[in-house]
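Understanding the architecture of this molecule
Listed below are the residues making up each chain.
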Amino acid sequence: MTKHSNEVWNLWLERAKPLIPVLVIQDIAEAIPIAQALVEGGVRILEVTLRTSAGLDAIRIIKQTVGDAIVGAGTVTSTAQFEAAVAQGAEFIVSPGVSDELIQAAIKWGGPYLPGVSTASEVMQAREAGFRYQKLFPAEVVGGVALLKALQGPFADVRFCPTGGIDQHNSQEYLALSNVFAVGGSWLTPKELVSAKNWQALTSLAISG
């Protein structure tokens, strides 16, 4: 089942930008216009964080309404959140760390899962469970580009989505690494633009990357 998870990431990345915006939805009414703005800019893989009470509902309505979006749940820290997100239609799951419970939930589900890692030991734990696509978090704090370069030798078959401290100024430095398949962050949806409901500006940010 984890092989299927890895294959799905490959398939998605063939037809989507290597950007995974982390969407912190405070007002459920903003979910659809934010998603539509990003998709219009070519950013299709959307991670809705469960750090707000609107997160689960946002996943459901984006999935139902924005047909070209690939929507998943982020900041998943328990099996209860995992199951709730899947029940709302989440197409992928992202966790900030890795645990045996989440790995087992992901294997049981069989869908695309990005376990969060920050050390070589965690990379090994996730890889041994079959997950070769992983999230490096918090990327800039734990070593950033230098750490990813160091991990490349012993873990040549693992690819990472660094998140945490990534923005328009350093994203290309990360994407230039051969073991990075995408970058994640919230810079594509600045609070000031969302508050102003400037959806066209979000589309422009998505286009520029």
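Quantities reported herein were computed from a predicted structural model and do not represent experimental measurements. Residue numbers run consecutively from 1 along every chain, following the written order of its sequence. Local features in a predicted model are, by the rule used here, given only for residues with pLDDT of at least 70; side-chain atom pairs are given and counted only at 80 or more, and totals for whole chains, interfaces and linings are based on all residues. Based on all heavy atoms of the structure, the side-chain values leave hydrogens and waters out of the count.

**Overview of the pattern of salt bridges**
- For this analysis, a salt bridge means a side-chain nitrogen from Lys or Arg found within 4 Å of a carboxyl oxygen belonging to Asp or Glu. A complete count under the given rule lists four salt bridges for this structure.
- In this structure, Lys197 engages Glu30 in a salt bridge whose closest nitrogen and oxygen atoms are separated by 3.9 Å. One end of the pair, Lys197, is in the loop between α10 (191–195) and α11 (199–208); the other, Glu30, is in the loop between β1 (19–23) and α2 (31–40), and 167 residues separate them in sequence.
- Here Lys197 falls in the partly exposed class, since its relative accessible area comes to 48%.
- Here Arg127 makes a salt bridge to Asp157, at a shortest N to O gap of 3.1 Å. Residue Arg127 is found in helix α6 (residues 120–128), and its partner Asp157 is found in the loop between α8 (144–152) and β8 (159–162); the two are separated by 30 residues along the sequence.
- Any residue under 20% of the maximum accessible area for its type is buried, any over 50% is exposed, and the rest in between are partly exposed; the area is computed with a 1.4 Å probe on protein chains only. Given the relative accessible area of 30%, Arg127 is considered partly exposed.
- With relative accessibility at 34%, the residue Asp157 sits in the partly exposed group. Secondary structure elements are taken from DSSP: a helix is a run of H or I of four residues or more, a strand is a run of E of two residues or more, and numbering for both begins at the N terminus.

**Re α2**
- Most of α2 sits out of view: seven of its 10 residues are buried.
- Within the sequence span of α2, burial applies to Ala31, Pro33, Ile34, Ala35, Ala37, Leu38 and Val39.
- One or two residues past the end of α2 sits Gly42, with phi positive at roughly 90°.

**Here's the deal with the sheet that holds strand β6 (residues 116–117)**
- Reading across from one edge, β6-β7-β8 is the order of the three strands in this open sheet, with parallel pairing throughout. Of all the strands in the sheet, just β6 and β8 have a single pairing partner and so form its edges.
- Two strands make a pair as long as DSSP finds a minimum of two bridges between them. Alignment of strand β7 (residues 133–136) against β8, held across four bridges, turns out to be parallel. Looking at β8, one finds that Leu136 is bridged to Pro162.

**Some points on the packing of aromatic side chains**
- In this scheme Phe, Tyr and Trp rings, the latter by its six-membered ring, pair at centre separations within 6.5 Å, and the angle between planes marks the pair as stacked below 30 degrees, edge-to-face above 60, and tilted otherwise. Scanning the model with the defined rule gives eight aromatic pairs in all.
- On the numbers, 5.3 Å between centres and 85° between planes, the contact of Trp9 with Trp12 is edge-to-face. A residue pair is termed a helical-turn pair when its members lie 3 or 4 positions apart in one helix, as Trp9 and Trp12 do in helix α1 (residues 2–14) at three residues.
- Residue class for Trp12 comes out buried when judged on its relative accessible area of 7%.
- A centroid spacing of 5.9 Å and a plane angle of 50° characterise the contact between Trp9 and Phe181, whose relative ring orientation is tilted. One end of the pair, Trp9, is in helix α1; the other, Phe181, is in the loop between α9 (171–175) and β9 (183–185), and 172 residues separate them in sequence.

These results come straight from atomic positions and should not be treated as a statement about function.
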